[in-house]
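Below, each chain spelled out in residue letters.
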Amino acid sequence: MINLELPKKMKAASNQAHQAAAQIFRPISRKYDLAEHERPVELDTMASLVEGLADAGQAASGATMGRGTERKTEGNVNGGNMASLMNVIETCWGDVGLTLSIPYQGLGNSAIAAVATDEQLERFGKVWASMAITEPSFGSDSAAVSTTAVLDGDEWVLNGEKIFVTAGERSTHIVVWASVDKSKGRAAIKSFVVPRDAPGLSVARLEHKLGIRASDTAVLLLEDCRIPQDNLLGSPEVDVNKGFGGVMATFDNTRPLVAGMAVGLARAALEELREILTEAGVDVSYDTPVNNQHAAAAAYLDLEADWEAAYLLTIRAAWMADNKKPNSLEASMAKAKAGRMGTAVTLKAVELAGSYGYSERPLLEKWARDSKILDIFEGTQQIQQLIVARRVLDLSSAELK
Ligand SMILES: Cc1cc2nc3c(=O)[nH]c(=O)nc-3n(C[C@H](O)[C@H](O)[C@H](O)COP(=O)(O)OP(=O)(O)OC[C@H]3O[C@@H](n4cnc5c(N)ncnc54)[C@H](O)[C@@H]3O)c2cc1C
C-alpha cells in the first residue's frame, strides 16, 4: 500500500525549501530571466544550506537520490528520492531555472547516485555534477552516443562534443556518456565523471533559450580530455546481453524529479491564477457543479484536477524508487503526464488572466515559457509515451520504435 502522508521530518524540509523559494528565488526570478547568462550570485549562499541538509540526513541534495538515508527494508520507506522530489517541487514553485542552478544538485549527481560504486560515491558524493548525454547528431536516441573513451595507461582519453548541457559551465564536474568500443553498440556506453579542470575539456558557447534563462546551457568540447581510470562510473565490463541498463537506470531517478519540477511550477501558476480570479470576482466552489459556475472557475477546476493526477503519478514513481521497486514505466508515466500538464496549466493561466497574464507584471508568461523544457529534456513527451507503450505491450525497443 502506498502511504500518501509525508513523514514529519520531510514536511519540515519541504517547508524550508518553500521558504528559500519564496525569499530567495521569487525576488530574483525576473532579474535573471532578463539577464540571461549572468551567474545568480545569490545562490552561492544556498550551497552550504544544501550541504547542511544532506549532512543532516534530510537528503535535499540530488547526490543522495536513490540512496535513501533510511535503510528500512520493510514497510513504507520515504528516502532520498521522495525527499529530493518534495524539495524540487518547492524550489520550482519558486523558479525552475534557479533550481537548476543550485550548486550540488545537478542531474549528474543523480547519475552518480544511481550508478556509482560505494567508493565512488564517497569520492563524488559532494561534487556539483551536470549531465552530458546529448550530441549534435542525436537527442532522443541516447544509444547513438558517438563520443569515445579510450584507455591509455591508467587514464581514459575522451573525444567528442556534448550540447545542451544544463549547468555545463557552472558545475564542478560533468558526467559524460561515451562509448568504450563502438563495435559493441549500446552495451559499450558508459558514464564518466569529468572534473571541470580536466585537460582537454572546454566550454565552446552558451545557448540563448525560450525559458529557464537563469540556467546555463553549454556546448562542451572534449579534445583528448584525460581523466583517471577509476572515474568510469559502475562496472567497466561491456556485457552485450545487459545492454545499457546501467546508465539508463539514471532516468528512473531523474524523470520523477523533472515531473516534480512541472508539478511545482504548475502549482505556482494555479495559485497566482486563483488570486487573479478572486480579485476579478470569480469564485471557485468545490460544492457546486462546474456547469453552474463561471466558465473561468470551471476551467480552473479542470486545471487543478489535471495537476492532482500528475502529482499523484509523480509521488508514486519516487516512492517506488525508494522502495527498490522497478519504476521505469511509472517514471515515464509521471514525466509524460506532468510535462504535458505543466505546459497546459501555465499557458491556460496566461489565457485566463488575459492581457495582464501576457504582460511581464506577473510571472505567468515566464512560467509558460519555463514549462516547455520540462516536456523536452530527460526524454520528450513522445519518448515517454513510447517507453510506456513498450512496457505495457511488452515490446523491445527494436520491436517498437
Ligand atoms: C534547455 C535544455 C537543457 C538540456 N539539458 C540537457 C542536459 O543537461 N544534458 C543532456 O544530455 N541533454 C540536455 N538537453 C537535451 C535534451 O535532452 C534533448 O533536446 C532531448 O532529448 C530531445 O532531443 P532532440 O532535441 O535532439 O530532439 P529529437 O530527438 O531530434 O526529436 C525531435 C522531435 O521528434 C520526436 N521523436 C524523436 N524520436 C521519436 C520517436 N521514436 N517516436 C516519436 N517521436 C519521436 C521528439 O519527441 C521531438 O518532438 C537539454 C535541452 C534543452 C533545450
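In the block above lies the structure referred to throughout.
Remember, predicted model here, so these are calculated numbers, not experimental data.

Chemist: I keep staring at the nonpolar core and nothing clicks. Help me out?
Modeler: Side chains of a nonpolar character, in soluble globular proteins, are inclined to be buried together. By size, the foremost hydrophobic cluster in this structure holds 55 residues, and its most contacted members are Met 82, Leu 85, Met 86, Leu 364 and Leu 374. Of all the secondary structure elements, the ones that give two or more residues to this core are helix 1 (8-34), helix 3 (80-94), helix 7 (245-279), helix 8 (295-322), helix 9 (328-358) and helix 10 (364-371). Broken down by element, this core gets its largest block of residues, 14 residues, from helix 7. Two domains share this core, each providing at least three of its residues, namely domain 1 (8-124) and domain 3 (245-393). Leu 85 has contacts with Pro 256, Leu 257, Gly 260, Thr 314, Ile 315 and Ala 318, leaving out every residue within four places of it along the chain. Ranked by size, the runner-up nonpolar core spans 19 residues in total, among them Val 165, Ala 178, Ala 198 and Leu 201.

Chemist: What am I meant to see in unusual backbone geometry here?
Modeler: Note on backbone geometry: most residues besides glycine have negative phi, and most peptide bonds are trans. Residues other than glycine seldom take positive phi values, yet Asp 224 does so here, at roughly 50°. Among the structural elements, Asp 224 can be located in strand 7 (residues 217-228). Assessed through its relative accessible area of 51%, Asp 224 is described here as exposed. Although it is not a glycine, Asp 394 sits at a positive phi angle of roughly 55°. With respect to the helices and strands, Asp 394 occurs in the segment after helix 11 (381-393). Among the residues examined, Asp 394 registers a relative accessible area of 68% and is labelled exposed.

Chemist: Explain the site of the ligand to me, please; I cannot follow it from the model alone.
Modeler: Lining the immediate surroundings of the ligand are 20 residues, of which Met 131, Thr 134, Ser 140, Phe 164 and Thr 380 lie closest. Take Thr 380: an N or O atom from its side chain is 2.6 Å from an oxygen atom of the ligand. Here Gln 382 contributes a side-chain N or O atom positioned 2.8 Å from an oxygen atom of the ligand. Looking at the shell around the ligand, the elements that each hand over two or more residues are strand 1 (129-132), strand 3 (155-166) and helix 11. Its residues placed into classes, the shell around the ligand shows 11 nonpolar, 6 polar and 3 charged. Each of domain 2 (129-231) and domain 3 (245-393) accounts for three or more of the residues forming the shell around the ligand.

What counts and what doesn't
- Residues numbered from 1 in each chain as written.
- Predicted model: local features only at pLDDT ≥ 70, side-chain atom pairs only at ≥ 80, totals over all residues.
- Heavy atoms only, no water.
- Core = buried A, V, L, I, M, F, W, Y, C linked by side-chain atoms within 4.5 Å.
- Buried < 20%, exposed > 50% of the residue type's maximum accessible area, 1.4 Å probe, protein only.
- Helix = DSSP H or I, 4+ residues; strand = E, 2+ residues; numbered from the N terminus.
- Domains from an automatic or database assignment.
- Contact = heavy atoms within 4.5 Å.
- Near = heavy atom within 4 Å.
- Polar contact = N/O pair within 3.5 Å; in protein donor to acceptor, adjacent residues only side chain to side chain.
- Nonpolar A, V, L, I, M, F, W, Y, C, P; charged D, E, K, R; others polar.

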